[in-house]
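Structural overview for review
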Amino acid sequence: MTLKKLILQIHLWLGLATGLVVFIMGLTGAIYCFQPELSRLITQPYLKVQAQEKPFLPVTEYKRIAEAQLPGKKPTRILIKGPETAVIVQFSGKKPKPFSYAVFLNPYTGEVLKTRDMNSEFFRWVLNGHMYLWLPQPIGKAVTGASTLIFLVMVISGIVLWWPRNKARKKSSFKVKWSASPKRLNYDLHNVFGFYASWILIFTIITGLYWSYEFTSKATYWTFSGGESKPKTPAPKSVKMPLTDSSMQPLDKIFNQVRASYPAAKGFQVNIPQTDSAAILVRAYPDLDTYYQSDNVYFDQYSAKEIPVKFLGKYADANAGEKAIRMNYDIHVGAIAGLPGRILMFFVSLIAASLPVTGFYIWWGKKKKKSAAKVKPAIRKHTELQPA
């Protein structure tokens, strides 16, 4: 067996083993590419509000109103965006079983626009399929992680198998012959489209591994930082003390301070501490279409004093390794290149979903051909033994 035949066998059997998973992940990934726009237009029309010539309510007021909608549950974060976007107060946890709720509020009046179980929302369902195949998270994460790693091997082996052996083959390897027979067309769709998509899929796969394997982020940081080890995610602590200034709640004081420091920010995320010793995290987003340039600012939840951190803090303080990690999500969804990047990722995801289908038909066609070849000699031999 030659090396190329061995690679072909590896490519074939890995594809048959993971084809369904790759199909689901590719299709759901394509659908999710335009989640922000489609959510606003179709699945979550209550995200949009009428802009008013009045200030937003204090953050603690959003927290109080949302808590009244879901008694017994504690909010985890508050999303505050533009003047025409609802404030979203999110509740999530794992006990007694995983849950995720959101309360949508008018930022000017505090009116409750919608209280929703986000696990029943369409795009959350799509995302759960993409990340976990709608299985329990530990099982789904293991399956998609292993399948993604295998898909990386398949993409690389596919490039090797595609590589033309001579000049004559090269001429037909870069384009699809649309007028060919269905069998040849299917072959071209698999090979040609697969080749063009492969160069983007490699980055998509590597960034996708970030959510399954810690070694991916460690390797990324090590590579781009020049050999440094990735620091631990910051977990600053608050020092419990009595509230001395009753004129304003620390949470409101913190948010007002951050908003004054980032007047050009397009949005903010306020992470509510879940324990007495946790710090408050406020993220300021200079752009709502990408996340990597955000500044993460930590505060003591009692004194409202800023707590400096050395890793995953302000973007201007990040080294090349941290910036590469921050860009992971935006690269994965194509947002790093703006709307053209997301459109490109949409088509690449569709191609990824098509590869198991076209690949299966190539294998099935060859299998039928071999079966037919075995039957013909048997028929011929039987005919020769018949009396004249």
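Residues numbered from 1 in each chain as written. Predicted model: local features only at pLDDT ≥ 70, side-chain atom pairs only at ≥ 80, totals over all residues. Heavy atoms only, no water.

**Re a positive patch on the surface**
- On the surface, Lys-183, Lys-366, Lys-369 and Lys-370 cluster together into a positively charged patch.
- Counting residues per element, the positive patch draws most heavily on helix α12 (residues 338–384), which supplies three residues.
- Mapped onto the secondary structure, Lys-183 falls in helix α7 (residues 182–208). (Patch = residues over 30% accessible without salt bridge, like charges linked within 9 Å, V, L, I, M, F, W, Y side chains within 5 Å. Areas by Shrake-Rupley, 256 points an atom, 1.4 Å probe, with all protein chains shown as cover. Salt bridge = Lys/Arg side-chain N within 4 Å of Asp/Glu carboxyl O. Lys, Arg positive; Asp, Glu negative; His and termini not counted. Charge placed at Lys NZ, Arg CZ, Asp CG, Glu CD. Helix = DSSP H or I, 4+ residues; strand = E, 2+ residues; numbered from the N terminus.)

**Description of helix α3 (residues 59–69)**
- Of all the positions in α3, only Val-59, Tyr-62, Ile-65 and Ala-66 are classed as buried. Around the axis of α3, the buried residues are gathered within 130° of arc, so they sit on the same side.
- Summarising the contacts, the buried residues of α3 are in contact with β1 (77–80), β2 (87–93), β3 (99–105), β4 (112–117) and α9 (250–261). (Buried < 20%, exposed > 50% of the residue type's maximum accessible area, 1.4 Å probe, protein only. Arc of directions from axis to C-beta. Contact = heavy atoms within 4.5 Å.)

**Let's talk about unusual backbone geometry**
- Unlike most non-glycine residues, Leu-133 shows phi in positive territory, near 60°.
- When you line up the elements, Leu-133 lands in the loop between α4 (122–132) and α5 (137–162).
- The backbone of Leu-312 sits at a positive phi, close to 55°, despite the residue not being glycine.
- Here Leu-312 is to be found in the loop between β8 (306–307) and α10 (320–326).

**Quick look at the UniProt feature "transmembrane region" (unreviewed entry) in the protein**
- According to UniProt, the positions carrying the feature "transmembrane region" (unreviewed entry) are residues 12–32, 142–163, 193–213 and 343–364.
- What you have in residues 343–364 is 100% helix and 0% strand, and the ends, taken at the C-alpha atoms, are 32 Å apart. (UniProt positions renumbered as here; feature names shortened; annotations may be inferred.)

**A closer look at the environment of Ile-24**
- The topology assignment puts Ile-24 in helix α1 (residues 3–32).
- With 306 residues separating them along the chain, Ile-24 and Asp-330 place their C-alpha atoms 21 Å apart.
- Among residues more than four places away in sequence, those in contact with Ile-24 are Gly-129, Leu-133 and Trp-134.

**Overview of the side chain of Asp-300**
- Looking at the element boundaries, Asp-300 is found in the loop between β7 (295–299) and β8.
- Buried Asp-300, no salt bridge; nearest opposite-charge side chain is Lys-305, N-O distance 8.5 Å.
- Contacts of Asp-300, omitting those with residues within four sequence positions, involve Lys-237, Ser-238, Val-239, Ile-254, Lys-305 and Ile-307.

**Examining the pattern of salt bridges**
- Going through the model one piece at a time under the given rule, you end up with nine salt bridges.
- Between Lys-63 and Glu-67 there is a salt bridge whose closest N-O contact spans 3.1 Å. Highlighted residues: Lys-63 and Glu-67, both in helix α3, separated by four residues, approximately one helical turn.
- Residue Lys-63 is classed as partly exposed on the basis of its relative accessible area, which comes to 22%.
- Between Asp-188 and Arg-184 there is a salt bridge; the shortest N-O distance is 3.0 Å. On the criterion of helical spacing, the pair formed by Asp-188 and Arg-184 is a turn pair, its members being four residues apart in helix α7.
- You can call Asp-188 buried: its relative accessible area is 2%.
- Overall, Arg-184 belongs to the partly exposed group, its relative accessible area being 33%.

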